[in-house]
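Breakdown of the fold
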Amino acid sequence: MTKEQQKQMMAKYREYEEQLYEGHPDVKRFVKRKKRWIGFLILSGLVLSVTASVFVAGLSGGNGVAMVRAIVSGIAGFGIALILLLGSMKANWRFSLLLYLIGFSRLFSWYEGMVNSFGISSPGEIPEIYISAFWQSSLVYLALHDILSVVYALLIILTAVVLTIPSRSRELAAEAEVMEEKLSGYMRENSKG
C-alpha cells in the first residue's frame, strides 16, 4: 500500500468515524476526555518514575552512563503501570478497574516505605516527617517527589472511581465500545481491499 493510499484510507476512516459519532456527541466527548486524561496520567507517571531513578543515581554520584541507565530503569519500572493505563484507555469500562490496582498498590507501597524507613506507628506521624524533611535542603526534592507520587496515586484512584462507579460513565463506555467495534470492523474490511 502506497503512502497516498494510506492517506486516503485514513481520510475515509476519519470521515466514517465522524459519521458514527455524529448522533452521539456525549460518547465522542467522553472518549476524547478519557483518552486525554489517561494520556496525562501516563505522561506524569513516566516523569515521576524517571525523575525518581535519576535522583537516586545522582545521590549515588552517578556519571553520564549511570544517568542513562537510570532513565532506562525509570521507563522500565513504569512498564506494568503503562500497560494497565493503556488497557484502561479501551472503551470497555471493565478495563478501568485496573486503575484501582495501580493506585492502591502505589499507596500501599508508599505507606509501607514510610513504616519501614521511619518506623511510624500511625498515619498521623506522616506530616511531621515531611515537615522535618522540608527543613533539610537535601531532602526537599525527595519529600516533594513523595508527595507528588501520593497525589498521582490518588488521581488514579479518583479516575477509576469516575470511570467505574457512576452508571452514566458505564453507559457511555458501553456505547463507545459498540462504536469502537464498528470502527475496527470498518478498518478490517477496508484494509483488505
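Residues numbered from 1 in each chain as written. Predicted model: local features only at pLDDT ≥ 70, side-chain atom pairs only at ≥ 80, totals over all residues. Heavy atoms only, no water.

1. Side note on the overall build of the protein chain
- Tallying secondary structure elements over the protein chain gives eight helices and zero strands in all.
- Ordering the α and β elements of the protein chain from the N terminus gives α-α-α-α-α-α-α-α.
- The C-alpha radius of gyration of the protein chain comes to 22 Å, more than 25% above the 16 Å expected for a compact globule of 193 residues.
- Along the longest, intermediate and shortest principal axes, the C-alpha atoms of the protein chain span 65 × 45 × 20 Å.
- Counting all 193 residues of the protein chain, 32% fall into the buried class.
- Of the roughly 12,100 Å² of accessible surface on the protein chain, a fraction of 65% belongs to carbon and sulfur atoms. (Helix = DSSP H or I, 4+ residues; strand = E, 2+ residues; numbered from the N terminus. Rg over C-alpha atoms; globule rule 2.2 N^0.38 Å. Buried < 20%, exposed > 50% of the residue type's maximum accessible area, 1.4 Å probe, protein only. Areas by Shrake-Rupley, 256 points an atom, 1.4 Å probe, with all protein chains shown as cover.)

2. Overview of the nonpolar core
- In this structure, Leu85, Leu99, Ile102 and Tyr152 are the most contacted members of the largest nonpolar core, which totals 28 residues.
- Of all the elements in the fold, those that place two or more residues in this core are helix 1 (3–22), helix 2 (25–59), helix 4 (79–88), helix 5 (98–118), helix 7 (140–164) and helix 8 (167–192).
- A total of seven residues in this core trace back to one element, the largest contributor, which is helix 2.
- Contacts of isoleucine 102, omitting those with residues within four sequence positions, involve Ala81, Leu84, Leu85 and Ile156.
- Within the second largest apolar cluster, 12 residues are counted, among which are Trp110, Ile129, Tyr130 and Ile157. (Core = buried A, V, L, I, M, F, W, Y, C linked by side-chain atoms within 4.5 Å. Contact = heavy atoms within 4.5 Å.)

3. Observations concerning the side chain of serine 53
- Mapped onto the fold, serine 53 is located in helix 2.
- The exposure class assigned to serine 53 is buried, which follows from its relative accessible area of 18%.
- Excluding residues within four positions of it along the chain, serine 53 makes contact with Ala70, Ser73 and Gly74.

4. Thoughts on the side chain of lysine 34
- Following the sequence through the fold, lysine 34 ends up in helix 2.
- Despite its burial, lysine 34 pairs with no opposite charge; the closest candidate is glutamate 180, at 7.7 Å N-O.
- Setting aside its immediate chain neighbours within four residues, lysine 34 contacts Ser88, Met89, Lys90, Ala91, Asn92, Ser96 and Leu163. (Lys, Arg positive; Asp, Glu negative; His and termini not counted. Salt bridge = Lys/Arg side-chain N within 4 Å of Asp/Glu carboxyl O.)

5. A closer look at the confidence of the model for the protein chain
- Across the protein chain, pLDDT averages 90, with 98% of residues at or above 70.
- Looking across the protein chain, the model is least confident in helix 6 (residues 126–135), with a mean pLDDT of 85, and most confident in helix 4, with 94. (pLDDT = per-residue confidence, 0-100.)

6. Examining helix 3 (residues 64–77)
- For helix 3, which comprises 14 residues, the first-to-last C-alpha distance of 20 Å matches the rise-based estimate of 20 Å (1.5 Å per residue) to within 8%.
- Listed as buried for helix 3 are Ala66, Ala70 and Gly74. When helix 3 is viewed along its axis, its buried side chains cluster within an angular range of 80° and face the same direction. Projecting away from the buried face of helix 3 at angles above 90 degrees are the exposed residues Val65, Val68, Arg69, Val72 and Ala76.
- As for helix 3, its buried residues are in contact with helix 2. (Expected span 1.5 Å × (residues − 1). Arc of directions from axis to C-beta.)

7. Comments concerning the pattern of salt bridges
- All chains considered together, the criterion is met by six salt bridges.
- Among the salt bridges present, the one from lysine 28 reaches glutamate 18, with a minimum N-O distance of 3.0 Å. Within this pair, whereas lysine 28 is found in helix 2, its partner glutamate 18 is found in helix 1, the two being separated by 10 residues in sequence.
- Looking at glutamate 18, the relative accessible area reads 42%, which means it is partly exposed.
- Here arginine 188 ties to glutamate 181 by a salt bridge, and the two come within 3.4 Å at their closest N and O atoms.
- Of the residues examined, glutamate 181 reaches a relative accessible area of 48% and is grouped as partly exposed.

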